[in-house]
Amino acid sequence: MARSCYKHILPFAALVTMETINVTLNTLFKLATRHGMSRHVFLVYAYGVAALLLLPSPFFSIRSRVLPPLTFRIMLKFFFLGVVGYLSQIMGYTGINFASPTLASAMSNLTPAFTFLLAVFFRMEKVEFSSVDSRAKLIGTAVSIAGAFVVTFYHGPSLSPSSTSPVAVLHQSPVQSPQSNWIFGSLFLTVEYFLVPVWYIIQVQIMKEYPSELTIVFFYTACVSILAAIVTSVVERDSSKWLIGPGVALASILCSGIFGCGLNNAVHTWALHLRGPVYVAMFKPLSIAIAAAMGVIILGDTLYLGSIIGATTIAIGFYTVMWGKAKEELSEIMSTDISDLESSASQKSPLLLHSQS
């Protein structure tokens, strides 16, 4: 009973909670940027907070289990994971800054489609048009990308009364229109969710070589914070941006550092190790509804028909890819069981023949 709870109920509850927390953190970040917070400085401090919280984890991991030594090769992989993670994060937060957390939640469902395309490109997965699961993944990928185009280029009529807050009006760029901001945001978010499966693949490879979730997350968050500090020192000319006083910006940094960069990465690494990437990805569409509600209520965002149609299309494509992947895994399990039964029968048959003789 306890094992079943750990294997099934706990990951389900943890991932639903994390999706809700992630949307809340994105909404808080968007609110903080409207008050003038720099996204570059945000990454430095948020990941720095997470690294400080996780600082004891390598010492506890080494004492609690037998782990391979931290060689230069493993540290290089940690650094590469940090580079990919930093690029993904800066693209994502730039996209949210241009657009909205709702768009970010919708575009996050492109991850399985991009994962499938990368797997095919690197020959990690074969496409067989005669196979139902391969056709489902191809159709789902195409539908997801079509939905992303709808979200990006079609606004449609408003479904909620425009209730833009004075803060939003104050920080809106006079040069760029909301439509161009939306397109730029979509492009940045597309790049982010193309990099996410790359990050997953690297992380899974590191886990095989160094199976300590918290240690991996510690080095990852430390690398991202250092990289962000280097980039910020070059691109952020205004030194006053580094000063964070009490307010929504400080709340966003602390909450993102503790719950986003730290807890979120730890939970997702643990869930990936326990249930695999397909199960973890299944919870992504849940964030769309949460983000839409928070965007309208807290940020005063306007909900457009194009966003609803595009997000729904992406979600349909997402679950089509997931269905194809689940069917493929079920087929592999069944074929393994059949081969095991045949092997067992072949081992028993000489005994049966001997007893009959």
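Source: prediction; values computed, not measured.

Draft legend 1. Local environment of the overall build of the protein. Tallying secondary structure elements over the protein gives 14 helices and zero strands in all. Written out in order from the N terminus, the α and β elements of the protein read α-α-α-α-α-α-α-α-α-α-α-α-α-α. Taking all 357 residues of the protein together, 46% fall into the buried category. Carbon and sulfur atoms form 71% of the exposed surface of the protein, whose accessible area is close to 18200 Å².

Draft legend 2. Structural view of helix H13 (residues 286–299). The end-to-end C-alpha distance of H13, which contains 14 residues, comes to 19 Å, matching closely the 20 Å that a straight helix rising 1.5 Å per residue would cover. Within H13 the residues assigned to the buried category are Ser287, Ile288, Ile290, Ala291, Ala292, Met294, Gly295 and Leu299. Phi for glycine 300, located one or two positions after H13, is positive at around 70°.

Draft legend 3. Summary view of the nonpolar core. The biggest cluster of nonpolar side chains holds 62 residues, and the ones touching the most others in it are Phe42, Leu43 and Met107. Beyond its immediate chain neighbours, meaning those up to four positions away, phenylalanine 42 contacts Phe29, Met37, Tyr93, Ser252, Ile253 and Ser256.

Draft legend 4. Just the packing of aromatic side chains, in detail. This model, assessed by the stated rule, comprises 13 aromatic pairs. Aromatic side chains phenylalanine 29 and phenylalanine 42 sit 4.9 Å apart centroid to centroid with 55° between the ring planes, which places their arrangement in the tilted category. With phenylalanine 29 in helix H1 (residues 2–34) and phenylalanine 42 in helix H2 (residues 39–53), this pair connects stretches of sequence that are 13 residues apart. Between phenylalanine 29 and tyrosine 93, the ring centres sit 4.5 Å apart and the planes meet at 55°, which makes this aromatic pair tilted. In this pair, phenylalanine 29 is assigned in helix H1 and tyrosine 93 in helix H4 (residues 72–98), connecting sequence segments 64 residues apart. Among the residues examined, phenylalanine 29 registers a relative accessible area of 0% and is labelled buried. An aromatic cluster is present here, built from Tyr47, Trp199, Tyr200 and Tyr220 joined pairwise through their rings.

Draft legend 5. Structural detail: the pattern of salt bridges. Inspection of the entire model under this criterion finds two salt bridges. For the salt bridge of glutamate 209 with arginine 73, the shortest nitrogen-to-oxygen distance reads 2.5 Å. Taken as a pair, glutamate 209 in helix H9 (residues 178–209) and arginine 73 in helix H4 lie far apart in primary sequence, 136 residues in all. For lysine 77, the salt bridge is made with glutamate 209, and the minimal N-O distance between the two is 2.6 Å. Here lysine 77, found in helix H4, pairs with glutamate 209, found in helix H9; they are 132 residues apart in sequence, far enough to count as distant. Take lysine 77: its relative accessible area is 25%, and that puts it in the partly exposed class. Judged by relative accessible area, glutamate 209 falls into the partly exposed class, the value being 26%. Through salt bridges that share partners, Arg73, Lys77 and Glu209 make up one connected network.

Draft legend 6. Structural context of the environment of tyrosine 45. Within the secondary structure layout, tyrosine 45 lies in helix H2. In sequence terms tyrosine 45 and glycine 257 are 212 residues apart; their C-alpha atoms lie 7.6 Å from each other. Apart from the residues within four sequence positions on either side, tyrosine 45 is in contact with Trp242, Ile244 and Ile253. Among the polar contacts listed, one links the side chain of tyrosine 45 to the backbone oxygen of tryptophan 242, at a separation of 2.7 Å.

Draft legend 7. The arrangement of the packing of helix H10 (residues 213–235) against helix H11 (residues 248–275) in detail. At a minimum axis distance of 9 Å, the contact between H10 and H11 shows a crossing angle of 140°. One way to sum up the angle between H10 and H11 is to call them oblique. As for the relative orientation of H10 and H11, their crossing is right-handed in sense. Taking contact as the criterion, the partners of Glu213, Leu214, Val217, Tyr220 and Thr221 in H10 are, on H11, Cys261, Gly262, Asn265, Ala266, Thr269, Trp270 and His273. Residue classes in the contact of H10 with H11 are distributed as six nonpolar, five polar and one charged.

Draft legend 8. Focus on the side chain of serine 100. For serine 100, the location among the structural elements is in the loop between H4 and helix H5 (101–107). Judged by relative accessible area, serine 100 falls into the buried class, the value being 4%. Excluding its chain neighbours within four sequence positions, the residues that come into contact with serine 100 are Gly95, Trp182 and Asp301.

Draft legend 9. Summary view of the confidence of the model for the protein. The predicted model of the protein has a mean per-residue pLDDT of 78, with 83% of residues at 70 or higher. A low-confidence stretch, residues 163–176 stays under pLDDT 50, and its non-local contacts, those more than four residues away or across chains, total 16 contacts.

Parameters and conventions
- Residues numbered from 1 in each chain as written.
- Predicted model: local features only at pLDDT ≥ 70, side-chain atom pairs only at ≥ 80, totals over all residues.
- Heavy atoms only, no water.
- Helix = DSSP H or I, 4+ residues; strand = E, 2+ residues; numbered from the N terminus.
- Buried < 20%, exposed > 50% of the residue type's maximum accessible area, 1.4 Å probe, protein only.
- Areas by Shrake-Rupley, 256 points an atom, 1.4 Å probe, with all protein chains shown as cover.
- Expected span 1.5 Å × (residues − 1).
- Core = buried A, V, L, I, M, F, W, Y, C linked by side-chain atoms within 4.5 Å.
- Contact = heavy atoms within 4.5 Å.
- Phe/Tyr/Trp six-rings, centres within 6.5 Å; stacked < 30°, edge-to-face > 60°.
- Salt bridge = Lys/Arg side-chain N within 4 Å of Asp/Glu carboxyl O.
- Polar contact = N/O pair within 3.5 Å; in protein donor to acceptor, adjacent residues only side chain to side chain.
- Axes fitted to C-alpha atoms, helices over the stretch in contact; angles between N-to-C directions.
- Parallel < 35°, antiparallel > 145°, perpendicular 65-115°, else oblique.
- Left-handed = near helix turned anticlockwise from the far one by under 90°.
- Nonpolar A, V, L, I, M, F, W, Y, C, P; charged D, E, K, R; others polar.
- pLDDT = per-residue confidence, 0-100.

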